[in-house]
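# Analysis of the macromolecular model
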Amino acid sequence: MADVFEEEAEQTVSIQEYLKDVEDQELEADLVLGGDEGKECTYIKGYMKRQAIFSCLTCTMDGNAGVCTACSLSCHDGHEIVELWTKRNFRCDCGNSKFGEFFCKLFPNKDIENVENSYNHNFKGSYCTCGRPYPDPDIEEQEEMIQCCICEDWFHEEHLGLESSDEIPRDEEGEPLYEDFICQSCSGVFSFLTLYPKSIWAGVRQHDAPVNNNKEKDVLEGPPSVCGSSQKLENDPYSHNSQQMDHAITNTVSENVPVGKNTFLGENTEKNEGSSQGIQDACPSSSTCVIGVDLLVAPPVFDGSKPMFLSKNWRDILCRCEKCVDFYTQKCINFLLDKEDSIVEYEKMAKQKREEKLHQQEGVELNLLDKLGHVGKMEFLNGVADMKNEIHAFLESFDPSKPITSADVHQVFENLAKKRRRV
């Protein structure tokens, strides 16, 4: 019986744990919203490179429209909302022709339709190849999902097209070693990535790496890659990197990165972030194709369609010669060359905005204290000290095995009020 009562007892947390949980939730929200406080409709900003988007199934049951954070709060409060996380190149639809007689409260003067917006089944509340909702009401423990950086759909691990979820690159603690994921359906367009050094892949294993079946001798043979192992592995799917490609990459970097800098490409370590930036700066001005293949004329043959897991900073080594850029444009994937398109950069900017906001709040608090006179400052500081002492006294006398109730909190503030009245 005692075990039953223990299970039914309400779970308690310490004040430190509670505050840490609140802080983590606020940080997670800021990362998703990109620092957007939801005060104004983003329509006026045009097609944004990346922003948090929501679908209102109350107003658009067909799931063919998306609204920004501010409109989801001000115009669609109480509606059935689907949180889509972030979408690229999207403009707020709230109040346009897809909403019938409904008008946006924040910015009603919108075009009839945003023709450049793209929609998938996520806007209907469906995800993955299985088309299930998230959270899934039929599952007690929600499964982790991974987003494709191309189509931006979300997938369950068992529906990635892998033999086992163990093939997903993770460290010993289960944290992802990859920066971006490309799903099975989108991977066919990216067969050209097999022409790059193997460091572009995250935690890749020889037997499950994408394979390029181009049999040309100059592609399959050549000295070890400047970015790979010092030995050429038999049947290594990445050892096909040609001498011409390696020479082009080496020249591109050596011409633009000072001598002594680490010029290894796509290395999944923090120490090479500087060199990755150097490569990124170098590639746009390079007229030499680093892969030595005209992708529009002779794209590599891709054997099967397996999902791809890309390492950190993989976008930095993408060739930016004229022919490759034309290929990206034709395949509508030229957004990969924009650093701000990546989730990593989006979250980085969100953290910067969060830090700036917290710094401003601290500044407001200090300004408030500076505006007070001498007597006001003394009363304020004495009040803070009294509260600190009262809470400290309460915690010292309180039984730590018992939970703190609302009555206990009210008692603390009642004691403070009595002290103030006596003073």
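All figures in this text were calculated on a predicted structure; none of them were measured in a lab. (Residues numbered from 1 in each chain as written. Predicted model: local features only at pLDDT ≥ 70, side-chain atom pairs only at ≥ 80, totals over all residues. Heavy atoms only, no water.)

### Overview of the overall build of the protein
We apply this condition: Counting from the N terminus, the helices are DSSP H or I runs at least four residues long and the strands are E runs at least two residues long. Each residue is assigned to one of three classes by its accessible area relative to the maximum for its type, calculated with a 1.4 Å probe on protein chains only: buried under 20%, partly exposed between the two thresholds, exposed over 50%. Two residues form a contact once any of their heavy atoms are found within 4.5 Å. In these tables, accessible area is a Shrake-Rupley quantity obtained with a 1.4 Å probe, and a residue counts as shielded only by the protein chains included in the view.
Along its length, the protein carries 11 helices and 6 strands. Within the protein, the fraction of its 423 residues that count as buried is 39%. In the protein, once contacts between residues fewer than 6 apart in sequence are set aside, the share between residues at least 24 apart is 70%. A total of about 25,300 Å² of accessible surface is found on the protein, and carbon and sulfur atoms cover 51% of it.

### A short note on a negative patch on the surface
The condition that has to hold: Each patch is assembled from residues with relative accessible area greater than 30% and no salt bridge, linking like charges that lie within 9 Å and nonpolar side chains (Val, Leu, Ile, Met, Phe, Trp, Tyr) that lie within 5 Å. A carboxyl oxygen of Asp or Glu within 4 Å of a side-chain nitrogen of Lys or Arg is what we treat as a salt bridge. Positive: Lys, Arg. Negative: Asp, Glu. His and the chain ends are not part of the count. For the purpose of locating charges, the reference atoms are NZ of Lys, CZ of Arg, CG of Asp and CD of Glu.
A grouping of D171, E172, E173 and E175 is seen on the molecular surface, where their side chains present a negatively charged patch. Mapping D171 onto the fold places it in the loop between β4 (154-156) and β5 (180-182).

### Looking at the packing of aromatic side chains
Note the threshold: Ring pairs shown here join Phe, Tyr and Trp side chains whose ring centres sit within 6.5 Å, with only the six-membered ring taken for Trp; geometry is labelled stacked below 30 degrees between planes, edge-to-face above 60, and tilted in between. Put simply, a charge is over a ring when the Lys NZ or the Arg CZ is close to the ring centre, within 6 Å, and near the line of the ring normal, within 35 degrees.
Counting across every chain of the model gives 13 aromatic pairs. Considering the side-chain rings of Y119 and F123, the 5.1 Å spacing of their centres and the 75 degrees angle between planes classify their relative orientation as edge-to-face. With a relative accessible area of 29%, Y119 lands in the partly exposed category. Taking 5.2 Å as the distance between ring centres and 40 degrees as the angle between the ring planes, the aromatic pair formed by F181 and F309 counts as tilted. A residue pair is termed long-range when its members are at least 10 positions apart, and F181 in strand β5 and F309 in strand β6 (residues 308-310) qualify at 128 residues. Here the aromatic cluster, defined as three or more aromatic residues joined through ring pairs, consists of F155, Y178, F181 and F309. A cation over an aromatic ring shows up here: R88 above the ring of F335, its NZ or CZ 3.7 Å from the ring centre. The ring of Y43 carries the charged tip of R91 above its face, separated from the ring centre by 3.8 Å.

### Description of a nonpolar patch on the surface
There is a patch of nonpolar side chains on the surface, built from M387, I391, L395, I404, V409 and F413 and spanning about 490 Å² of accessible area. At the level of secondary structure, the elements contributing two or more residues to the nonpolar patch comprise α10 (374-397) and α11 (406-422). For the nonpolar patch, the element with the most residues is α10, which contributes 3 residues. Looking at the element boundaries, I391 is found in helix α10.

### Details of the layout of surface pockets
For clarity, the cut-off: With a 1 Å grid laid over protein atoms only, a set of points is called a cavity when a 1.4 Å probe fits there but cannot get out and a pocket when it is open yet has protein on both sides within 12 Å along at least five of seven lines; lining residues have an atom within 4 Å of a point. Grid points are joined across faces, edges and corners, and a volume is the space filled by probe spheres set on the points. Only Asp, Glu, Lys and Arg are considered charged, only Ala, Val, Leu, Ile, Met, Phe, Trp, Tyr, Cys and Pro nonpolar, and every remaining residue, Gly among them, polar.
Taken as a whole, the second largest pocket holds about 570 Å³ of empty space. What lines the second largest pocket is a set of 26 residues, and nearest its centre among them are G34, G35, D36, K45 and K353. Among the elements of the structure, α2 (15-33), β1 (48-56) and α9 (343-371) are those that each provide at least two residues to the lining of the second largest pocket. Among the elements that make up the lining of the second largest pocket, the one with the highest residue count is α9 (8 residues). Along the lines of polarity and charge, the residues of the lining of the second largest pocket split into 6 nonpolar, 7 polar and 13 charged.

### Re the confidence of the model for the protein
So the rule is basically this: A score from 0 to 100, pLDDT tells how confident the predictor is in each residue.
Residues with a pLDDT of 70 or more make up 70% of the protein, whose mean pLDDT is 76. Of all the helices and strands in the protein, helix α5 (residues 217-220) carries the lowest mean pLDDT, 33, while β4 carries the highest, 96. For the stretch residues 4-9, pLDDT sits under 50, and the model shows 0 contacts to residues farther than four places along the chain or on other chains.

### Quick look at unusual backbone geometry
With an omega of 0 degrees, the peptide bond running from Y134 to P135 counts as cis. In this fold, P135 is placed in the loop between β2 (81-90) and β3 (145-147). Of note in this structure, W85 is not a glycine but carries a positive phi near 65 degrees. Its place among the elements puts W85 in strand β2. With a phi angle near 65 degrees, N313 is a residue other than glycine that sits in the positive phi range.

### Looking at the pattern of salt bridges
Tallying each qualifying case throughout the model produces 14 salt bridges. Between E144 and R170 there is a salt bridge; the shortest N-O distance is 4.0 Å. Separated by 26 residues along the polypeptide, E144 in the loop between β2 and β3 and R170 in the loop between β4 and β5 bring together distant segments of the chain. Judged by relative accessible area, R170 falls into the partly exposed class, the value being 25%. Among the ionic pairs, D180 bridges to R315, the shortest N-O distance being 3.3 Å. Residue D180 is found in strand β5, and its partner R315 is found in the loop between β6 and α8 (322-330); the two are separated by 135 residues along the sequence. What emerges from the salt-bridge pattern is a single network uniting R50, R88, E152, D180, R315 and D341.

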